[in-house]
Amino acid sequence: MSGDKAEKLPRKQYEKELLRLQTELVRLQEWVRATGARLVVIFEGRDAAGKGGTIKRVTEHLNPRVARITALPKPTERERTQWYFQRYVEHLPAAGEIVLFDRSWYNRAGVEHVMGFCTREEYQLFLRQCPIFERMLVEDGILLRKYWFSVSDEEQQERFRRRLDDPLRRWKLSPMDLESITRWEDYSRAKDEMLVHTDVSEAPWYVVESDDKRRARLNMIAHLLGSVPYQDVPPPVLELPERPDSTGYRRPPRELQNYVPDHAANL
């Protein structure tokens, strides 16, 4: 983070603007579907930088058949023998689709490199091939947007503490996340080197300051919307039909079916 921290954005102001932006995201979705566009959005950054929460707000009102999230697990033994980018290619969008990568092929430039999960040669090969790979995607007509979520070490530490104390979010913490605390400078150097090699004009990186999660979400969504030349697509005219007259259908007796107990009645 650079400069003084801005004040936390008030919740009421945040929610009002978020709703407006989410309405625009629906319009973007309809444009993608109608025109056959292909949109890829990459979310990268440090652990607890706010990527997941932002993705959730982006997709909250979108059609999962159009906009899908891809978060790949660690590669299988077979996938380890493939060309590195191979397993990501099958998740790229077809016409009329949006794919949001919750971490992406940049794993190799970050955690794999820092933690020693790839060789120095594999890492250097990635840095050479990645710009070529992304230029190919853009040349083929894919709209590629890359966001790096930047969080200060103090804020990351505080978020880790809150996750440890919250049973609903403790699953977000892994031994790998905790080890990243002791490797802060290693990850910083890896990020810097990654940006030097992969921040190319055809596929630039956009850094999202994320110590204030609300500001980060609004800023990222607003930037995405402003970077895509979408237009309004007139919705189809729909009319609710009249319900036809009954033809004598009767529901079976309730005792013949298994109903979920009314847990709410005991609250």
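See the structure above.
A quick note: this is a predicted structure, and the numbers were derived from the prediction, not measured.

Draft legend 1. Representation of the packing of helix α2 (residues 51-59) against helix α10 (residues 213-227) within the structure. It is the contact of α2 with α10, at a shortest axis distance of 10 Å, that shows an interaxial angle of 50 degrees. Relative to α10, the element α2 is oriented oblique. The two elements α2 and α10 meet at a crossing, and its hand is right-handed. Contacts between α2 and α10 pair Gly53, Thr54, Arg57 and Val58 from the former with Arg217, Met220 and Ile221 from the latter. Residue composition of the contact of α2 with α10, by class: three nonpolar, two polar and two charged.

Draft legend 2. Quick peek at the sheet that holds strand β3 (residues 97-102). If you trace the five strands from one edge of the open sheet to the other, you get β2-β3-β1-β4-β5, paired in parallel fashion. With partners counted over all chains shown, the strands left at the sheet margins are β2 (67-70) and β5 (205-209), one partner each. Across the sheet, the mean angle separating the axes of adjacent strands is 20 degrees when strand polarity is ignored. Here strand β1 (residues 38-45) pairs with strand β4 (residues 143-150) via seven bridges, running parallel. Directly across from Leu39, in β4, lies its bridge partner Leu143.

Draft legend 3. Fine view of the packing of helix α7 (residues 153-165) against helix α8 (residues 175-182). Between α7 and α8, the least distance of the axes is 11 Å, while the angle of their chain directions is 150 degrees. Taken as axis vectors, α7 and α8 run roughly antiparallel relative to one another. With respect to the hand of their crossing, α7 and α8 are arranged in left-handed fashion. On α8, the residues that touch Gln156, Gln157 and Phe160 of α7 are Asp177, Ser180 and Ile181. Among the residues making up the contact of α7 with α8, the classes are represented as two nonpolar, three polar and one charged.

Draft legend 4. Structural context of helix α6 (residues 120-139). Between its first and last C-alpha atoms α6 spans 29 Å; for 20 residues at 1.5 Å apiece the expected length is 28 Å, and the two agree. Where α6 bends most, the angle comes to about 35 degrees, and this point is Gln129, followed within four residues by the proline Pro131. Along α6, the residues that are buried comprise Tyr123, Phe126, Leu127, Cys130, Pro131, Phe133, Glu134 and Leu137. Against α4 (86-89), α5 (111-115), β4 and α9 (184-198) lie the buried residues of α6.

Draft legend 5. The arrangement of the pattern of salt bridges in detail. If you walk through the whole model with that rule in mind, you get 24 salt bridges. The closest approach of N and O atoms between Arg20 and Glu17, which form a salt bridge, is 2.7 Å. Taken together, the residues Arg20 and Glu17, both in helix α1 (residues 11-35) and three residues apart, mark about one turn of the helix. For Arg20, a relative accessible area of 45% corresponds to the partly exposed category. Overlapping salt bridges, with partners in common, bring together Glu155, Glu158, Arg159, Arg161 and Arg162 in one network.

Draft legend 6. Summary view of the side chain of Thr70. Secondary-structure assignment places Thr70 in strand β2. The exposure class assigned to Thr70 is buried, which follows from its relative accessible area of 5%. Those residues in contact with Thr70 that lie beyond four places of it in its chain are His91, Val99, Leu100, Phe101, Asp102 and Arg103.

Draft legend 7. Quick look at empty space enclosed by the protein. Scanning all chains against the criterion turns up one cavity of 30 Å³ or more. Quantified by volume, the largest cavity comes out at close to 40 Å³. What lines the largest cavity is simply Leu25, Leu28, Gln29, Leu39, Val41, Val58, Leu62, Ile98, Leu100 and Leu224. Secondary-structure elements contributing two or more residues to the lining of the largest cavity are α1, β1 and β3. Broken down by element, the residue count for the lining of the largest cavity peaks at three residues, all from α1. Considering only residue class, the lining of the largest cavity consists of nine nonpolar, one polar and no charged.

Reading the values: rules and limits
- Here the residue index of a chain counts from 1 through its sequence in written order.
- Reporting of local features is limited, given that this is a predicted model, to residues whose pLDDT is at least 70; pairs of side-chain atoms are given and counted only at 80 or more, and all residues count toward the totals for whole chains, interfaces and linings.
- With hydrogens and water set aside, each side-chain value is computed from the structure's full complement of heavy atoms.
- The axes used here are C-alpha line fits, helices contributing only the stretch in contact, and every angle between their N-to-C directions lies in the interval 0 to 180 degrees.
- The way it works is that DSSP assigns letters per residue, a run of H or I at least four long becomes a helix, a run of E at least two long becomes a strand, and they are numbered from the N terminus.
- Comment on the angle field: the value is read as roughly parallel under 35 degrees, roughly antiparallel over 145, roughly perpendicular from 65 to 115, and oblique elsewhere.
- Crossings are sorted by hand: turned counterclockwise from the far helix by less than a right angle, the near helix makes the crossing left-handed, and turned clockwise it makes it right-handed.
- Whether two residues are in contact is decided by their heavy atoms: any pair within 4.5 Å suffices.
- Each residue receives one of three labels: charged for Asp, Glu, Lys and Arg, nonpolar for Ala, Val, Leu, Ile, Met, Phe, Trp, Tyr, Cys and Pro, and polar for the others, Gly being one of them.
- At least two DSSP bridges between two strands are needed for those strands to be called paired.
- Between the first and last residue of a helix there are one fewer steps than residues, each counted as 1.5 Å, and that sum is the expected span.
- The term bend refers to the angle at a residue between two fitted axes, each drawn through seven residues, those ending there and those starting there.
- Each residue is assigned to one of three classes by its accessible area relative to the maximum for its type, calculated with a 1.4 Å probe on protein chains only: buried under 20%, partly exposed between the two thresholds, exposed over 50%.
- Put simply, a salt bridge is a Lys or Arg side-chain nitrogen that is within 4 Å of an Asp or Glu carboxyl oxygen.
- Buriedness of a pocket was judged along seven lines, with at least five required to meet protein on both sides within 12 Å; pockets are open sets of points on a 1 Å grid over the protein atoms alone, cavities are sets where a 1.4 Å probe fits but cannot get out, and lining residues have an atom within 4 Å of a point.
- Grid points are joined across faces, edges and corners, and a volume is the space filled by probe spheres set on the points.

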